[in-house]
Amino acid sequence: MAHRNRFMHEDIPVSDAYMNDTVHVITAHESVRAFESRAIPDEMLTAILTAARSAPTSSNLQAYSVIVVDDEASKSRLAVLAGEQECIAQAPLLLVFCADVNRLRYVAHRQGREFGGDTLEMFLLASVDAALVMQNTLVAAESLGLATTPIGSVRDRPDLIAEELELPEGVYAVAGLCVGFERAGERRGTKPRLPENVTIHRNKYSEDAFEAGISDYDDTMMRRRTYAGRHIQVPGEVGQDDAEYGWAEHTALRCSSPEVLGKPADFGRRLLRSYLEGRGFSFD
Ligand SMILES: Cc1cc2nc3c(=O)[nH]c(=O)nc-3n(C[C@H](O)[C@H](O)[C@H](O)COP(=O)(O)O)c2cc1C
């Protein structure tokens, strides 16, 4: 069944000349968090992973690794470690996309060279490589009728996730992706995005459209009740009404201090830098 895409949801006109299966799949994306237990056929997984490996990669360094987790016990442990997210245990597959400088170090030593890739640039390069591979995976999986949800909470407890996946030094989990056949009735339609003129700039960066665009978007998200029952509660403050709590407030709180966010899940993120430095990454 073809899902409605963003052009339809946001009433954006597009002629047939610029609409094809690829654009449809990308614009119909929606994170889906409930899955059937049905396994993914091996050949389908091969197709998805081949698409994953076809992502562009800085200087062809291929500074990423993907851990394919289909072991039920391991997925259940990872579900707990990554923010108690049930969809991880439920999905037949969790793919974990890692930035990987371990293999680059191996190649350097294999060639009798010293490895000088412990730089901020290399950290970013490897993280971007991993993210691009994840997005290719997502698009390929969704194009084949599967559903996905990215999982950033693999960075909540990077130490325990690394232990579970036996990641060596120089490898860290950037994000996971739940993949599977979705349970019927879970979709709400593509989640609205900020208006184009807020996030897309012509020739030069401009904040001119921020205020009106953010205001409109806030109204849309409140009407859609996107954050209803999912407010971030600030310690010592009275909770807000759903009618006043939209994207702007949620985002402001999501970007606030650890004291506000405070959940155990955010502990790992505060420690991420020192953890990564201890694992062979550098921010110099
Ligand atoms: C890097 C990354 C990490 C994410 N982590 C999580 C997560 O841990 N749990 C979750 O339920 N959704 C997660 N998401 C999904 C986002 O919440 C979702 O993409 C966003 O709300 C937009 O909704 P949509 O994907 O349905 O369009 C993540 C998305 C990205 C790109």
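Student: Looking at this structure, I do not really get a positive patch on the surface. What am I missing?
Tutor: A grouping of Arg33, Arg188, Lys191, Arg193 and Arg230 is seen on the molecular surface, where their side chains present a positively charged patch. Looking at the secondary structure, you find Arg33 in the loop between helix 2 (21-27) and helix 3 (42-53).

Student: Could you clarify how one ought to interpret the packing of aromatic side chains in this entry?
Tutor: The description of an aromatic ring pair uses the distance of the two centres, along with the angle that the planes make with each other. Per the counting criterion, the structure on display carries seven aromatic pairs. On the numbers, 5.6 Å between centres and 80° between planes, the contact of Phe123 with Phe281 is edge-to-face. With Phe123 in helix 7 (residues 120-143) and Phe281 in the segment after helix 14 (272-277), this pair connects stretches of sequence that are 158 residues apart. For Phe123, a relative accessible area of 12% gives the class buried. The exposure class of Phe281 is buried, given its relative accessible area of 5%.

Student: Hey, could you run me through the domain arrangement of the chain in this one?
Tutor: Interfaces are often sized by the accessible area lost when the parts come together. When the domains of the chain are assigned, the result is domain 1 (31-188) and domain 2 (196-261). Domain 1 and domain 2 are separated by 28 Å when their C-alpha centres are compared.

Student: I keep staring at the site of the ligand and nothing clicks. Help me out?
Tutor: Residues in close proximity to the ligand include His29, Glu30, Ser31, Arg33, Gln85, Thr149, Pro150, Ile151, Gly152, Ser153, Lys191 and Arg193, which together make up its full environment. Contacts to the ligand include Arg33, whose side-chain N or O atom sits 2.6 Å from an oxygen atom.

Student: Please clarify how the environment of Ala248 should be interpreted in this entry.
Tutor: When you line up the elements, Ala248 lands in helix 11 (residues 247-254). Ala248 sits 42 residues away from Ser206 along the chain, and the two C-alpha atoms are 19 Å apart. Apart from the residues within four sequence positions on either side, Ala248 is in contact with Ile214 and Asp218.

Student: Before we go on, may I ask you to explain the sheet that holds strand 2 (residues 93-100) in this structure?
Tutor: What links the strands of a sheet is backbone hydrogen bonding, and the strands pair in either a parallel or an antiparallel sense. The strand order across the open sheet formed by four strands is 1-2-4-3, and the pairing between neighbours is antiparallel. Single-partner strands in this sheet number two, and they are strand 1 (64-69) and strand 3 (147-151). Direction aside, neighbouring strands of the sheet carry axes that sit 25° apart on average. Where strand 2 and strand 4 (residues 171-180) come together, eight bridges link them in antiparallel fashion. The residue bridging Leu93 from the neighbouring strand is Val179, located in strand 4. Packed onto the sheet, helix 6 (residues 102-110) meets strand 1, strand 2 and strand 4 and runs at close to 45° relative to strand 2.

Each value, and the rule that gives it
- Residues numbered from 1 in each chain as written.
- Predicted model: local features only at pLDDT ≥ 70, side-chain atom pairs only at ≥ 80, totals over all residues.
- Heavy atoms only, no water.
- Patch = residues over 30% accessible without salt bridge, like charges linked within 9 Å, V, L, I, M, F, W, Y side chains within 5 Å.
- Areas by Shrake-Rupley, 256 points an atom, 1.4 Å probe, with all protein chains shown as cover.
- Salt bridge = Lys/Arg side-chain N within 4 Å of Asp/Glu carboxyl O.
- Lys, Arg positive; Asp, Glu negative; His and termini not counted.
- Charge placed at Lys NZ, Arg CZ, Asp CG, Glu CD.
- Helix = DSSP H or I, 4+ residues; strand = E, 2+ residues; numbered from the N terminus.
- Phe/Tyr/Trp six-rings, centres within 6.5 Å; stacked < 30°, edge-to-face > 60°.
- Buried < 20%, exposed > 50% of the residue type's maximum accessible area, 1.4 Å probe, protein only.
- Domains from an automatic or database assignment.
- Near = heavy atom within 4 Å.
- Polar contact = N/O pair within 3.5 Å; in protein donor to acceptor, adjacent residues only side chain to side chain.
- Contact = heavy atoms within 4.5 Å.
- Pairing = 2+ DSSP bridges.
- Axes fitted to C-alpha atoms, helices over the stretch in contact; angles between N-to-C directions.

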